[in-house]
Amino acid sequence: MERLLVKGTIKLADVAKAAGVSQGTASNVFSRPDVVREEVREHVLETARQLGYPGPSLTGRLLRAGKVNAIGVAAVEPLAYFFDDPWARALLAAVAQVCDASGTGLALVSAKDRQKLDWNIKSALVDGFILLCVEGGEKLVQLTRERQLPFIALALNDDDPSVPSVSVNNVGGAAAAAGHLAELGHRRFAVLATEFSDDHVGPVGIAEIEQAIYSTSRDRTIGYWQALETFGIRRQDVPIYETNNDKASVETGLEHLFSAPEPPTAILAMSDNIAMLAMNWLAARGLSVPEDVSIVGFDGVPEGGMTAPGLTTMAQPFAEIAERAVRAVLEDAMPVEREMIDVTLVVRGSTAAPKS
């Protein structure tokens, strides 16, 4: 049989013409083979094989159908973030479990570079997006809105009411964490914070916190202040050190805090990752947790239950967050206002009364 075109440019219409059948019949051979007589079906398939036609484009077929049965999880981070960061890893595992139960695919969409992120968002073959907005949330929201697909933001770091989002009660959770330590008798506190603004690490003052561009860190600080003030502890007496949620900045922060004449007996960490890094630093310097220093984290990642001692934390309900997010995207049922979910104090061995 004479080839009509070079391999790689063959179209379904070419197969139909060479086989002497209509394009509709040829299409049915690949998409609805049960409605085509066996001898016709075999003839069309043999013609396609000889012409080098691989079959209809799956991508094109899915796009024409309007649904691909997959969700994109996006972040302004390298792909390794989904596996290296404890919070992102725990949340992604919960989303994957919900997707498994419904037979939904999962695509990771991530890039530090703006141009690559733009392309990745626009080219992702998904029905909608779950946005991890710990950093660069406004960029993710903008790009996803341009794509005109359903999306929902998690850990959104601003107060824009027009962005469909699910978040945790940061003020209430932080207040519970600080209240737990104060009720144990602690009066010398310090905060190891996540980011309040871009490109800054170091001590921060009250005015800087009140003007923070990242609402998660600001709200957790407000919660700490509210609880501590009921115990007579003034906000200006609680040193706060802004970190990048990584080893280097956490350790620098601890060196700063523990160089004070009266170092803290209680540390409020804005993430479990920060708390676990702090526990390692303290242990390396012969300071015992909780005998010398008590620590409370925030997130409830699985690794926190495996430390020695176990980490007291404010646990996010990852399964509930994932369920709401996946349902919102798949059913295009975006919340009309920002949904807020409570966190739970989980008391483990990293907190105790201070030494008398």
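Details of the structure are given in the entry above.
My aim in this report is to walk through the structure given alongside it, one point at a time. (Residues numbered from 1 in each chain as written. Predicted model: local features only at pLDDT ≥ 70, side-chain atom pairs only at ≥ 80, totals over all residues. Heavy atoms only, no water.)

Glancing now at the sheet that holds strand β10 (residues 294-299). Spatial strand order, β7-β8-β6-β9-β10-β11-β13: seven strands in an open sheet with mixed pairing. The sheet terminates laterally at β7 (202-203) and β13 (344-346), the two strands that pair on one side only. The sheet strands contacting helix α9 (residues 170-183) are β6 (189-193), β9 (266-269), β10, β11 (312-315) and β13, and the helix crosses β10 at an angle near 165°. The strands touched by helix α12 (residues 247-257) within the sheet are β6, β7, β8 (240-242) and β9, with β6 carrying the most contacts at an inclination of about 160°. (Pairing = 2+ DSSP bridges. Helix = DSSP H or I, 4+ residues; strand = E, 2+ residues; numbered from the N terminus. Contact = heavy atoms within 4.5 Å. Axes fitted to C-alpha atoms, helices over the stretch in contact; angles between N-to-C directions.)

Neither face of strand β4 (residues 151-154) is open: one carries F151 and A153, the other I152 and L154, and all of them are buried. As defined by bridge partners, strand β3 (residues 128-132) adjoins β4 across four bridges and the pair is classed as parallel. Among the inter-strand pairings, F129 is bridged to a residue of β4, identified as F151. The pairing of β4 with strand β5 (residues 165-168) spans two bridges and is parallel. Bridge pairing in β5 places A153 opposite S165. (Buried < 20%, exposed > 50% of the residue type's maximum accessible area, 1.4 Å probe, protein only.)

Moving on: the nonpolar core. Residues I130, L132, F189, L192, L268 and I295 are the most contacted members of the largest nonpolar core, which totals 76 residues. The leading source of residues in this core is helix α6 (residues 86-102), at nine residues. Membership of the second largest hydrophobic core comes to 20 residues, among which are V68, A74, I121 and A153. (Core = buried A, V, L, I, M, F, W, Y, C linked by side-chain atoms within 4.5 Å.)

Moving on: the sheet that holds strand β1 (residues 70-75). Across the sheet, six strands lie side by side as β2-β1-β3-β4-β5-β12; this open sheet has parallel pairing. Edge strands, defined here as strands with exactly one partner in the open sheet, are β2 (105-110) and β12 (339-341). Strand after strand, the sheet turns through a mean of 20° between neighbouring axes, direction not considered. Across the sheet, helix α7 (residues 114-123) lies against β1, β2 and β3, angled at about 160° from β2, the strand it touches most.

A separate point is a nonpolar patch on the surface. A surface patch of nonpolar side chains, about 340 Å² in accessible area, is lined by L79, F83, L106 and L108. As for its placement among the helices and strands, L79 is situated in the loop between β1 and α5 (81-84). A residue is classified by how much of its surface remains accessible, and L79, at 44% relative accessible area, is partly exposed. (Patch = residues over 30% accessible without salt bridge, like charges linked within 9 Å, V, L, I, M, F, W, Y side chains within 5 Å. Areas by Shrake-Rupley, 256 points an atom, 1.4 Å probe, with all protein chains shown as cover. Salt bridge = Lys/Arg side-chain N within 4 Å of Asp/Glu carboxyl O.)

Next up on the list: the environment of D14. Looking at the secondary structure, you find D14 in helix α1 (residues 12-19). By relative accessible area, which is 17% here, D14 ends up buried. Residues D14 and A26, spaced twelve residues apart in sequence, show a C-alpha to C-alpha distance of 9.8 Å. Engagement of the side chain of D14 in a polar contact is seen with the backbone nitrogen of K11, the distance being 2.9 Å. (Polar contact = N/O pair within 3.5 Å; in protein donor to acceptor, adjacent residues only side chain to side chain.)

In contact at an axis separation of 10 Å, helix α2 (residues 23-31) and helix α3 (residues 38-51) are set at 90° when each is read in the N-to-C sense. Overall, the two elements α2 and α3 adopt an arrangement that is roughly perpendicular. The segment α2 lies against α3, with T25, A26, V29 and F30 engaging V40, R41, V44, L45 and A48. Residue composition of the contact of α2 with α3, by class: seven nonpolar, one polar and one charged. (Parallel < 35°, antiparallel > 145°, perpendicular 65-115°, else oblique. Nonpolar A, V, L, I, M, F, W, Y, C, P; charged D, E, K, R; others polar.)

The next point concerns α9. With 14 residues, α9 extends 20 Å from end C-alpha to end C-alpha; this agrees with the ideal 20 Å at 1.5 Å per step. Among the residues of α9, N170, G173, A174, A177, A178, G179, H180, L181 and A182 are the ones counted as buried. The residue sitting at the N-terminus of α9 and contributing the capping side-chain oxygen is N169; that oxygen lies 3.5 Å from the backbone nitrogen of V171. Looking one or two places after α9, you find G185, whose phi comes out positive at around 110°. (Expected span 1.5 Å × (residues − 1).)

Further remarks concern the packing of α12 against helix α13 (residues 272-284). At their nearest, the axes of α12 and α13 sit 10 Å apart, and the two run at 60° to each other. By the angle class used here, α12 and α13 are oblique. Crossing angle aside, the handedness with which α12 passes α13 is right-handed. In contact with K247, V250, E251, L254 and E255 of α12, α13 contributes I274, L277, A278 and W281. The residue makeup of the contact of α12 with α13, split by class, is six nonpolar, no polar and three charged. (Left-handed = near helix turned anticlockwise from the far one by under 90°.)

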